[in-house]
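Given next are the chains, with one letter for each unit.
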Amino acid sequence: MFFSLAACATPPQTRLLLDDPPDLPPVVELTKVPFFPQQQYHCGPAALAGIVNYRGRAATPDEIARLVYVPELQGSLQVEIAAATRHFGLLAVQLDGQLESLLQELAAGNPVFVLQNLALDVYPLWHYEILIGYDLEQRHMILRSGVNHRITRDFALFEKTWQRAGHWALAVVEPDSIPATATAQTYLAAVLDMEQVGGLDSARRGYASALRRWPDNLLALGGLGNTAYALGDYAASESAFRAALAIAPEEAGLWNNLAYALARQGQREASLAAVEQALALDPENANYQASRVELYGLE
Amino acid sequence: MKIKNLFPCLVIAIAVLSTSMPAQAGMVATDQLQKSVIAAEFANITGQREWIEEQLLLGGVAQPEASARVAAMTDAEIAQIYQRIDEVPAGGNTFLVLVIVFLVLELTGVIDVIPNK
């Protein structure tokens, strides 16, 4: 289209970006992100295919459509985009809604999956796209979008269409790495999601990654203990729970789970001592009471 | 499509339970380990999953995909779209009929209907 944004007010994040440019390369374009032209209404599957293929998973938009597309809605739900990402063993990490964070992710080599509302709040036209780059001089984003292998969109217009979609953006990464702008909370939320749907191996790797960056994180230590246990690696499970207890000896749940990791290794005395510790901290807890009964019978 | 295991921690609990034990014994789930940051427990999550599966079937998704897709969602995701599946965004890029209607708005820079500028 042929219009200028000069007459429009510059939205807040764009103004901030232009007034105080971040310390990032002036131009980034991840040209290796594959492009799959979308069929009508299939922007979700097409965009996700680009991202997962970039991460080395061979998947066509048609295969992904069977995971995310809802014919009557003529589109794909955000929660199913995240679920499909996990299907490929990849973490879908929600970004913080800052324009600058998008640039930081791109500069770190992470294409970003975004939702746009290309119309109005009252009459939305939802559209998924992949951000593959930016140009600080030209003041635009570079995208793979719909049937377009490469389009650009001014920061200001991008910010408006993105804002109308709730600033929704995902970085899609291997469980061995962490997006540049992720916090312990946002990253571990994605790992926990992976664990909850049974992606135990990926989740375990995610918890281990989190601990390399945030060594004392209790959620990551507990998650590592639980996933190692579920995968049958009881020694690793024990050591994760012990590390967590060194930081938070008052957490009864950790003692309970340590008791199971020890019991599985035949360490009956230590196991019983651990479950007694859990009960000493929280005597009324029905779970720990039942655990004690069970552990006395467990070889 | 690979059917995902919905409740890994429940499965662990069952695996280590002898038949006479009360149901609560076993490992505490990761998001319930820290007293200070216990995650929300979702009420009647089974009923919510059934409702969403019905909606996917009504929406034209076939079986067994509909079941597998519901199983691939976390409890929090289920709660996010329960009874709101028609309200939450469904990215799909409608690009035919509305173009003329929005052309005027587009020219003013208020909106951006047509992605291929």
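Reading the values: rules and limits
- Throughout this document, residue positions are counted from 1 along each chain, in the order its sequence is written.
- By the order in which they are written, chains take letters starting at A while ligands take numbers starting at 1.
- Thresholds applied to this predicted model are a pLDDT of at least 70 for local features of residues and 80 or more for the giving and counting of side-chain atom pairs; totals over whole chains, interfaces and linings are not thresholded and use all residues.
- Side-chain numbers here rest on the full set of heavy atoms in the structure, without hydrogens or water.
- Elements are defined by DSSP. Helices are runs of H or I of four residues or more, strands are runs of E of two residues or more, and each kind is numbered from the N terminus.
- We call a residue buried when its accessible area falls under 20% of the maximum for its residue type, exposed when it is over 50%, and partly exposed in between, using a 1.4 Å probe and counting protein chains only.
- Residues count as neighbours in contact if any of their non-hydrogen atoms are within 4.5 Å of one another.
- Each accessible area is a Shrake-Rupley estimate made with a 1.4 Å probe; only the visible protein chains count as cover when residues are assessed.
- When charges are counted, Lys and Arg are positive and Asp and Glu negative, with His and the chain ends excluded.
- Charge placement uses NZ in Lys and CZ in Arg. For Asp and Glu, CG and CD serve respectively.
- Whether two strands pair comes down to DSSP finding at least two bridges between them.
- Each Phe, Tyr or Trp ring (for Trp, its six-membered ring) is paired with any other whose centre lies within 6.5 Å, and the angle between the two planes then decides the class: stacked below 30 degrees, edge-to-face above 60, tilted in between.
- Regarding the arc, it is the one traced by the directions from the helix axis to the C-beta atoms.
- Within a predicted model, pLDDT stands for the predictor's per-residue confidence, ranging from 0 to 100.
- In this text, buried Ala, Val, Leu, Ile, Met, Phe, Trp, Tyr and Cys residues form a nonpolar core when linked through side-chain atoms within 4.5 Å.
- Only protein atoms enter the 1 Å grid, on which a cavity is a set of points fitting a 1.4 Å probe that cannot get out and a pocket is an open set with protein on both sides within 12 Å along at least 5 of 7 lines, lining residues being those with an atom within 4 Å of a point.
- Grid points are joined across faces, edges and corners, and a volume is the space filled by probe spheres set on the points.
- Throughout, the ten residues Ala, Val, Leu, Ile, Met, Phe, Trp, Tyr, Cys and Pro are labelled nonpolar, Asp, Glu, Lys and Arg are labelled charged, and all others, Gly among them, are labelled polar.

Caption draft 1: Spatial organisation of the overall build of chain A. On a plain count of helices and strands, chain A comes out with 13 helices and nine strands. Overall, chain A is about 75 × 45 × 35 Å in size when its C-alpha atoms are taken along their principal axes. Out of the 299 residues in chain A, the part that is buried amounts to 60%. Put simply, 60% of the contacts in chain A that link residues at least 6 apart link residues at least 24 apart. For chain A, the accessible area works out to roughly 11500 Å², and carbon and sulfur atoms hold 50% of it. Between the centroid of the 20 positive side chains of chain A and the centroid of its 33 negative side chains there is a distance of 5 Å.

Caption draft 2: A look at the sheet that holds strand β3 (residues 75-77) of chain A. The strand order β2(A)-β3(A)-β1(B) describes an open sheet built from three strands, whose pairing is antiparallel. Because the sheet does not close on itself, it has two edges, and the strands there are β2 (69-70) of chain A together with β1 (90-91) of chain B. As paired strands, β2(A) and β3(A) are joined by two bridges and run antiparallel to one another. Counted as the bridge partner of V70(A) is G75(A) from β3(A).

Caption draft 3: Geometry of the packing of aromatic side chains. Residue and element names in this part refer to chain A. Tallying each qualifying case throughout the model produces seven aromatic pairs over all chains. Summarising the aromatic geometry, the rings of F113 and W168 are spaced 6.1 Å apart at their centres and angled 85 degrees between planes, so their arrangement reads as edge-to-face. On the criterion of sequence distance, the pair formed by F113 in strand β5 (residues 112-117) and W168 in the loop between α6 (155-163) and β9 (169-173) is long-range, its members being 55 residues apart. The pair formed by F113 and W168 is uniform in burial state, with each residue classed as buried.

Caption draft 4: Seen up close, helix α3 (residues 61-68) of chain A. Restricting attention to buried positions, one finds in α3(A) the residues P61(A), I64(A), A65(A), L67(A) and V68(A). Looking straight down α3(A), one finds its buried side chains confined to an arc of 160 degrees; they lie on one side. Buried residues in α3(A) make contact with α2 (43-54), β2, β3 and α4 (78-87) of chain A together with α3 (65-71) of chain B.

Caption draft 5: Inspection of the confidence of the model for chain B at higher detail. All names here are of chain B. Across chain B, the average pLDDT comes to 71, with 57% of residues at 70 or higher. For chain B, helix α1 (residues 8-16) is the element with the lowest average pLDDT, namely 36, and α3 is the one with the highest, namely 96. For this predicted complex, the interface confidence comes out at an ipTM of 0.87, alongside a pTM of 0.86.

Caption draft 6: Main features of the nonpolar core. All names here are of chain A. L102, F113, L131, M141 and F158 are the most contacted members of the largest nonpolar core, which totals 49 residues. Apart from residues no more than four positions distant in its own chain, M141 is found in contact with L99, L102, L103, L131, G133, Y134, I151, T152, R153, F155 and F158. Among the nonpolar cores identified, the runner-up in size contains 48 residues, and Y187, Y207, L211 and Y288 belong to it.

Caption draft 7: Main features of empty space enclosed by the protein. All names here are of chain A. Scanning the entire structure with this criterion turns up two cavities of 30 Å³ or more. Its volume calculated, the largest cavity comes out at about 70 Å³. The wall of the largest cavity is formed by P34, F35, F36, C43, A46, A47, Y128, I130, R144, S145 and G146. At the level of secondary structure, the elements contributing two or more residues to the lining of the largest cavity comprise α2, β6 (126-135) and β7 (140-145). For the lining of the largest cavity, the leading source of residues is α2, giving three residues. Classifying every residue of the lining of the largest cavity by side-chain character gives eight nonpolar, two polar and one charged.

Caption draft 8: Representation of the environment of D176(A) within the structure. All names here are of chain A. Among the structural elements, D176 can be located in the loop between β9 and α7 (184-196). Looking at D176, the relative accessible area reads 42%, which means it is partly exposed. Between the C-alpha atom of D176 and that of R205, which follows or precedes it by 29 residues, the distance is 5.9 Å. Among all residues touching D176, those that are not within four sequence positions of it are R205, S209 and R212.

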